[in-house]
Amino acid sequence: MTEGQFAGLSLEDLPKSHSFTSKLPADPEVPTPESSTIAANENPKLLLPRIVKDGLFVYIKPDLHDLAKTELLAVSPAAMRDLGLKMNEKDREEFKEFAVGNRIFEKESYPWAALYGGWQFGDWAGQLGDGRAIGIFEGTNPNTGVVYEVQLKGAGRTPFSRFADGRAVLRSSIREFLVSEALNALSIPTTRALCLSYFTNEKVLRERIEPRAIVVRMAESWLRIGSFDIHRVRQQRKLLITLADYCIEEVFGGVEMIQKAAKMNGYGDAYEGLNPYRTLYKEVVRRTAETTALVQVYGFMNGVLNTDNTSILGLSMDFGPFSFMDTYDPSFTPNHDDHFLRYSYRNTPTIMWWNLVRLGEDLAELFAVDDPEYLGTDEYLSSGIPESKFEDFVSRAEKIIEDEGEFYKSVFEKHYAAGFARRLGLTVVKDTDSNGIIDSVLELMKVHKLDFHRFFRHLGSVKLFSADAITADGIAAVFLTGERSIGVPSTEDSAESIYKWLIEKYRARLEEDGSTDDEARKSRMNKVNPKFVLRNWILEEVIERVEKRGDRKVLDHVLHLALNPFEDEWTVDEESERYRDEKRFTGDVPVERQGIMCSCSS
Ligand code: AMP
Ligand code: MG
């Protein structure tokens with residue numbers, strides 16, 4: 001059956017499983033689904049915030065909500081298709097009940113919240129966990145075989161809620177819903193968002209009082225580096241091994257699968273002969289390096305890249321203060337509270353490696369032990385590596401982490417160069433491109449404060465080899481149409497520099513690449529350089545229109561643009577509001593709305 005023929009299933013018919021909760025140990029205080037149901041009535045303390053010591057998750061149901069007081073605001077057709085659901089499912093009451101947590105599939109999968117910890121802004125933060133996310137089931141798309149863990153974000157408190165309310169505000173829910181789908185449309189690995197529901201008369205307290213919402217989100221796994229961190233810090237070796245084994249077998253499909261995929265992805269025999277835990281580490285390193293390169297290429301920043309927000313699958317996830325770059329500034333951080341620029345554009349690759357070193361430390365005993373049999377002994381489980389062997393162990397572990405650091409760097413650099421080369425319309429990447437054409441284009445954008453995305457899109461349509469090739473006089477009308485902010489070189493100076501770069505650097509590199517067909521290059525570039533980018537100023541406008549003006553259409557509209565970002569035009573009727581919105585949303589970013597930052601509150 002081809003994908004085109006598969007119309008999708010109903011929510012009931014979607015095959016559901018619960019591998020996470022059946023293959024991993026539950027919190028012994030709530031060991032079974034039944035005990036959770038009993039606790040809810042007789043001992044609710046067990047389901048309220050507390051330290052969870054010996055299991056990897058707690059069985060817990062979402063709160064029940066009055067459906068009449070909620071509204072299904074938006075559904076992603078792309079996520080419905082990828083999960084394997086029929087599009088018109090969204091019109092059924094049953095779907096709406098599911099979207100707010102009222103409808104669970106207890107017999108197939110009892111809901112759960114997972115434990116994790118994390119290093120936040122460089123410090124150990126202790127137990128975190130799904131404080132407001134509840135897993136509902138694992139759904140298999142029978143057409144593709146892909147299994148998604150489906151969870152609700154904002155559906156109520158769990159033992160991991162700490163001092164907070166388990167709820168989510170509309171503002172951050174709209175942001176997470178849209179950006180998940182926008183990144184996916186740009187082929188950047190990410191967790192997904194299925195739908196968004198809104199509570200018509202319920203508010204929650206943050207820095208101000210705000211409307212409440214729930215997002216249904218999905219990912220092939222929600223495990224994070226923080227899921228491993230917590231067991232190392234607590235020295236719970238058995239749990240760590242169980243989780244690592246689960247990750248290898250269930251999340252990655254086993255060592256052989258990992259090796260096969262690596263070969264297919266051009267990593268030759270880089271994985272050959274490694275023990276399973278080193279293979280796991282390498283695989284997370286590889287995926288993270290690839291995604292980090294891609295987010296850099298697309299100027300995307302997640303402003304809270306702590307280990308609890310760093311996916312084992314290399315997915316972009318947990319979107320709080322994030323941003324796509326407007327005018328290019330490598331020191332930009334989207335996080336208002338990130339005073340040290342830890343999560344700025346420039347520092348992102350380094351910080352991701354810092355996070356991966358934490359994972360290396362978590363897994364070190366497993367991949368660097370001299371005798372793997374020792375990991376199964378009681379002595380190891382209670383005391384770790386013996387003192388007599390410690391020094392040797394540490395040097396082996398350090399060497400492995402160092403080697404994986406080199407691997408991270410090489411994977412990152414390869415994908416970084418390839419990604420930018422694609423955006424520049426090149427067909428073959430050369431070793432000299434990173435320090436050559438790529439550095440030079442970034443420098444040009446930085447000095448002249450050019451818009452990161454509009455620049456690449458315009459570059460695609462610039463003619464360089466035809467009879468009507470661009471002239472120095474034509475530059476400003478293409479590249480410098482926006483209002484110039486203070487402290488930027490004059491339009492004349494910028495136009496001159498851009499022209500010089502176009503002719504001396506870009507045109508020369510295209511010639512070398514054999515890319516002298518302007519039309520063919522344009523068509524290649526328009527497939528990788530989005531015309532629509534989900535910028536923070538657009539998100540602010542969407543939120544304002546939904547929240548304050550009761551505008552529902554703008555959300556669907558912006559979702560549609562985010563799902564189809566490479567089009568030239570979406571709406572033809574020039575008189576319509578949609579058309580006018582599209583023009584604004586894809587035009588120059590108003591100077592006062594550039595580089596909007598957010599706080600962590602959500
Ligand atoms: P974040 O900064 O959103 O990645 O969240 C860090 C931790 O705080 C995670 O364990 C979240 O589940 C938890 N958390 C954040 N907001 C809330 C909330 N409103 N209620 C309960 N837990 C929350
Ligand atoms: Mg998080």
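## A few points about the overall build of the chain
Point 1. A count of helical and extended segments in the chain gives 20 helices and 13 strands.
Point 2. Scaling as 2.2 N^0.38, a compact globule of 602 residues should have a C-alpha radius of gyration of about 25 Å, and the chain matches this with 25 Å.
Point 3. Reported as C-alpha extents along the three principal axes, the dimensions of the chain are approximately 75 × 65 × 50 Å.
Point 4. For the chain, the proportion of contacts with a sequence separation of at least 24, taken over those separated by at least 6, is 74%.
Point 5. Taken as two groups, the 75 positive and 97 negative side-chain charges of the chain have centres that lie 3 Å from each other.

## Re the domain arrangement of the chain
Point 1. We note that the domain assignment places domain 1 (3–222), domain 2 (227–421), domain 3 (426–526) and domain 4 (536–593) within the chain.
Point 2. Tallying the contact residues gives 39 residues for domain 1 and 41 residues for domain 2.
Point 3. Interface area, domain 1 with domain 2, both sides summed: about 3300 Å², of which 66% is carbon and sulfur.
Point 4. Our count for the contact surface shared by domain 1 and domain 2 stands at 2 salt bridges.
Point 5. The shortest N-O distance in the salt bridge between Glu 250 and Lys 23 comes to 3.5 Å.
Point 6. Where domain 1 touches domain 2, the interface holds 15 residue pairs in polar contact (both at pLDDT 80 or more).

## Digging into the coordination of the magnesium ion (ligand 2)
Point 1. Looking at the magnesium ion (ligand 2), the protein donor atoms are Asn 309 (OD1) and Asp 318 (OD), and they sit 2.1 to 2.2 Å from it. Judged on exposure class, the residue Asn 309 and its partner Asp 318 are both buried.

## Concerning the environment of Asp 517
Point 1. Among the secondary structure elements, Asp 517 is positioned in the loop between helix 16 (491–513) and helix 17 (518–526).
Point 2. The partly exposed category is assigned to Asp 517, whose relative accessible area is 46%.
Point 3. Measuring from C-alpha to C-alpha, the distance between Asp 517 and Leu 464 comes to 8.8 Å, with 53 residues separating the pair along the chain.
Point 4. Polar contacts involving the side chain of Asp 517 include one to the main-chain amide nitrogen of Ala 520, which spans 3.1 Å.

## Some thoughts on the site of ligand 1
Point 1. Looking at ligand 1, there are 16 residues lining it, with Gly 129, Gly 131, Arg 162, Asp 165 and Gly 166 nearest.
Point 2. Contact distances for ligand 1 include 2.6 Å between an oxygen atom and a backbone N or O atom of Gly 129.
Point 3. One of the side-chain nitrogen or oxygen atoms of Arg 162 is found 2.7 Å away from an oxygen atom of ligand 1.
Point 4. Look at ligand 1: alone it shows 480 Å² of surface, and the protein chains cover 81% of it.
Point 5. Class assignment of the residues belonging to the shell around ligand 1 gives a composition of 3 nonpolar, 5 polar and 8 charged.
Point 6. Three or more residues apiece are contributed to the shell around ligand 1 by two domains, here domain 1 (3–222) and domain 2 (227–421).

## Considering a negative patch on the surface
Point 1. Taken together, the side chains of Glu 569, Asp 573, Glu 574 and Glu 575 define an acidic patch exposed on the protein surface.
Point 2. With respect to the helices, strands and loops of the structure, Asp 573 is situated in the loop between helix 19 (553–563) and helix 20 (577–585).
Point 3. Owing to a relative accessible area of 42%, Asp 573 belongs among the partly exposed residues under this scheme.

How each quantity is defined
Residues numbered from 1 in each chain as written. Chains lettered and ligands numbered in written order. Predicted model: local features only at pLDDT ≥ 70, side-chain atom pairs only at ≥ 80, totals over all residues. Heavy atoms only, no water. Helix = DSSP H or I, 4+ residues; strand = E, 2+ residues; numbered from the N terminus. Rg over C-alpha atoms; globule rule 2.2 N^0.38 Å. Contact = heavy atoms within 4.5 Å. Lys, Arg positive; Asp, Glu negative; His and termini not counted. Charge placed at Lys NZ, Arg CZ, Asp CG, Glu CD. Domains from an automatic or database assignment. Buried area = accessible area lost by both parts, 1.4 Å probe. Salt bridge = Lys/Arg side-chain N within 4 Å of Asp/Glu carboxyl O. Polar contact = N/O pair within 3.5 Å; in protein donor to acceptor, adjacent residues only side chain to side chain. Donors = N, O, S within 2.8 Å, 3.2 Å for Na, K, Ca; no water. Buried < 20%, exposed > 50% of the residue type's maximum accessible area, 1.4 Å probe, protein only. Near = heavy atom within 4 Å. Areas by Shrake-Rupley, 256 points an atom, 1.4 Å probe, with all protein chains shown as cover. Nonpolar A, V, L, I, M, F, W, Y, C, P; charged D, E, K, R; others polar. Patch = residues over 30% accessible without salt bridge, like charges linked within 9 Å, V, L, I, M, F, W, Y side chains within 5 Å.

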